[in-house]
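Fold and contact review
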Amino acid sequence: MYSERLSTVVFAILALKVCLVFGWGYRASDQRRWAVLHPACGGRQQSPIAIAARQAIPISIPAMELIGYQNPLPGPLSITNNGHSVALTIPKYSSEEEKKGFRLPYIFGGPLDNEYEIEGLHFHWGDKNNRGSEHTLDDMRLPLEMHVIHRNKKYKSLAEALQHPDGLCVLAFFYQVVEFDAKLLSPIARNLSSVESFNSTAQLPHTFSLASLLSGLDAERFYTYKGSLTTPPCAEAVTWVVFSDYLPISVYQMDNFRGLLSNLNLPLVDNFRQLQPLFGRRVFVRITSKNPKFKKTKLHYSKWDWVGHKKTDNDISDFDE
Ligand SMILES: [Zn+2]
């Protein structure tokens, strides 16, 4: 009896050590264990989710305002292969520079009731073109999804923001494969070979603007819902804004992403989390002039009601026109 218990304890310690040494992974069996060390990963407001256009609730809200997105980001910019993704790090302005009026890009509008400042961005992608994105749109999985992370300005640091339900706003962008190199991603894609190995960082030779990454995107229409970080610690601190328009990426550029290596020295691909249950959460879609039929909707949301009440037959018939 005693030795049985002892071996259970030893096994638990070994499992924990494996987790600590190797961190977390994306295999289905690994993902199921995220909640062991990061309890929030087992919560009821997790991301990503499957977005279904017909089930999203049309709502009349302002467009997203992307302030300073046209300005070159402060340099030097760097990209890092952290073993799970490749992330762009944006330096903060010094207090001297702030006195001179320099400000990092920030966003407001849409579902937000405050300003949110840029923190950084990263990507999720697949080994094949039929997968890679974290969110799905009407069951479509795109080959790449970019997450641009913004911190609510009322919180001083990312760590502090993670403690609050209104801490972060992440803008999510889908990419679809096109024949020719898309210029949009080239400042990042063409430098990926310098961060091929796990834990490597490279300075980018030039800075660029966030707007240059998004040129041509129809930012008018988006989905929004309350969710979480899609990686441990899975903090339920994120207002998601998922744009329905696609950005372009070439096969060659996709291969640049697929050439990166993970912490286990394996190809860093399929770094997307499994879809998470909604648990009664509502997904909203912004009404635009392009879908005026929604204006006739009977639904009026004077205030945000992110988590629906018990779903009734009435709800379903109301949402499903
Ligand atoms: Zn992400």
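Note: the structure precedes this text.
Residues numbered from 1 in each chain as written. Predicted model: local features only at pLDDT ≥ 70, side-chain atom pairs only at ≥ 80, totals over all residues.

**Examining the environment of Ser209**
Note that Ser209 resides in the loop between strand S11 (200–203) and helix H6 (210–213). Judged by C-beta crowding, with 16 C-beta atoms within 10 Å, Ser209 ranks as partly exposed. Note: C-alpha distance between Ser209 and Pro72 (137 residues apart in sequence) is 4.3 Å. In contact with Ser209, not counting residues within four places along its chain, are Tyr69, Gln70, Asn71, Pro72 and Leu73. (Helix = DSSP H or I, 4+ residues; strand = E, 2+ residues; numbered from the N terminus. Buried ≥ 20, exposed ≤ 12 C-beta atoms within 10 Å, placed from the backbone. Contact = placed C-beta atoms within 7 Å.)

**Some words on the environment of Leu185**
Within the secondary structure, Leu185 is located in the loop between strand S10 (168–178) and helix H5 (186–189). For Leu185 and Gln253, which are 68 residues apart along the polypeptide, the C-alpha to C-alpha distance reads 8.1 Å. Sequence-distant contacts of Leu185, that is, excluding residues within four places in its chain, are made with Leu213, Ile249 and Gln253.

**Some remarks on the nonpolar core**
The biggest cluster of nonpolar side chains holds 62 residues, and the ones touching the most others in it are Leu144, Val170, Ala172, Tyr223, Val241 and Val242. Tallying contributions element by element places S10 first for this core, with eight residues. Tyr223 has contacts with Ile51, Ala56, Val242, Ser244, Val283, Phe284 and Val285, leaving out every residue within four places of it along the chain. (Core = buried A, V, L, I, M, F, W, Y, C linked by C-beta atoms within 7 Å.)

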